[in-house]
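Given next are the chains, with one letter for each unit.
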Amino acid sequence: GRKRPAATVLEPALSSSKSTMASPALTWAKLEYVVRPKDWNFGNENGLGDVETIGLSESKYRVGRSASSDLRVAFPYISNRHCVIFTNGEPVSKDDSGAGQGTGKKVVALKAYVQDLKSSNGTFVNGQEMQKGATKEIRSGDIIALSLRTTSSAFPFYRFEAVAFDESN
């Protein structure tokens, strides 16, 4: 196998050594991944058969063309180290009483961020290009797109969805 630097984040496929129980690590968010033309958006989903859903359970995911990326995107316009999607574990409280089926439980999700790693062709959140090296908080429904200012005919899009969990134990 290839050698990895000691301080790298676990690949998503590996189970976390922090977990002492047999249950899988907490999935704190999901990404829906799809490749589509630039003018397409997630609201236009009829006939969409190839959305890949990725559960996020580690705290940090490196996105890029490099083989060492956690989420590898094999596109020529994507930088080897393009961006990072991560959480610091800070909770965002959710009020679950508004849905008409409130349980009184404390339901939380984790704050999430995307950081551009000074990518050549840009990281975009909801169509707005981030400054090189900048970090931005992302919320459920936000669309992260890579390299939108190139002449490619198709682009990688991620739709971010926070996963709420019950914390009232």
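Residues numbered from 1 in each chain as written. Predicted model: local features only at pLDDT ≥ 70, side-chain atom pairs only at ≥ 80, totals over all residues. Heavy atoms only, no water.

J.: How should I be thinking about the sheet that holds strand 3 (residues 60–64) in this particular structure?
T.: Sheets are built from strands that pair by backbone hydrogen bonding, the pairs being arranged parallel or antiparallel. Strand order in this open sheet of five strands is 4-3-5-8-11, and the pairing throughout is mixed. For this open sheet the edge positions go to strand 4 (71–72) and strand 11 (135–138), each flanked by a neighbour on one side alone. (Pairing = 2+ DSSP bridges. Helix = DSSP H or I, 4+ residues; strand = E, 2+ residues; numbered from the N terminus.)

J.: Explain the packing of aromatic side chains here, please?
T.: Describing an aromatic ring pair means giving the distance of the ring centres and the angle of the ring planes. For the coordinates displayed, the defined rule picks out three aromatic pairs. Between W28 and F160 the ring centres are 6.4 Å apart and the planes differ by 50°, which places this aromatic pair in the tilted class. Placement of the pair is W28 in the segment before strand 1 (29–36) and F160 in strand 13 (residues 155–162), with a sequence separation of 132 residues. The pair formed by W28 and F160 is uniform in burial state, with each residue classed as buried. A ring pair is formed by Y33 and Y158, whose centres lie 5.0 Å apart and whose planes are at 40°; its orientation type is tilted. Of this pair, Y33 sits in strand 1 while Y158 sits in strand 13, and the two are 125 residues apart along the sequence. Of the two residues, Y33 and Y158, both sit in the buried class. (Phe/Tyr/Trp six-rings, centres within 6.5 Å; stacked < 30°, edge-to-face > 60°. Buried < 20%, exposed > 50% of the residue type's maximum accessible area, 1.4 Å probe, protein only.)

J.: So what exactly am I meant to see when it comes to the sheet that holds strand 13 here?
T.: The strand order across the open sheet formed by six strands is 2-1-13-12-9-10, and the pairing between neighbours is antiparallel. Strands at the two margins of the open sheet, each flanked by one partner only, are strand 2 (52–56) and strand 10 (128–129). Where strand 12 (residues 143–146) meets strand 13, three bridges bridge the pair, whose relative direction is antiparallel. In the strand pairing of strand 13, I144 is matched with Y158.

J.: Explanation requested: the environment of P76 in the structure shown.
T.: Along the chain, P76 turns up in the loop between strand 4 and strand 5 (83–86). Separated by 71 residues in the primary sequence, P76 and S147 have C-alpha atoms spaced 9.8 Å apart.

J.: Teacher, can you tell me more about the environment of V114 here?
T.: Take V114: it is sitting in strand 8 (residues 112–116). Separated by 29 residues in the primary sequence, V114 and I85 have C-alpha atoms spaced 4.5 Å apart. For V114, the residues in contact, after removing those within four places along its chain, are C83, V84, I85, T123, V125, M130, A134, T135, K136, I138 and I144. (Contact = heavy atoms within 4.5 Å.)

J.: What's the story with unusual backbone geometry in this structure? I'm lost.
T.: Glycine aside, a negative phi is what most residues show, and trans is what most peptide bonds show. A positive phi angle is found at K118, which is not glycine, with a value near 55°. Secondary-structure assignment places K118 in the loop between strand 8 and strand 9 (123–125). Assessed through its relative accessible area of 64%, K118 is described here as exposed. A positive phi is found at N126, a non-glycine position, where the angle reads about 55°. N126 gets classed as partly exposed once you look at its relative accessible area, which sits at 42%.

J.: I keep staring at the environment of G141 and nothing clicks. Help me out?
T.: The topology assignment puts G141 in the loop between strand 11 and strand 12. Sequence-wise, G141 and F160 are 19 residues apart; in three dimensions their C-alpha atoms are separated by 5.6 Å.

J.: How should I be thinking about the confidence of the model for the chain in this particular structure?
T.: Across the chain, the average pLDDT comes to 79, with 70% of residues at 70 or higher. Scored below 50 in pLDDT, residues 3–23 shows 24 contacts in the model against residues more than four places distant or in partner chains. Between residues 96–100, whose pLDDT stays under 50, and residues either more than four places distant or in other chains, the model counts seven contacts. (pLDDT = per-residue confidence, 0-100.)

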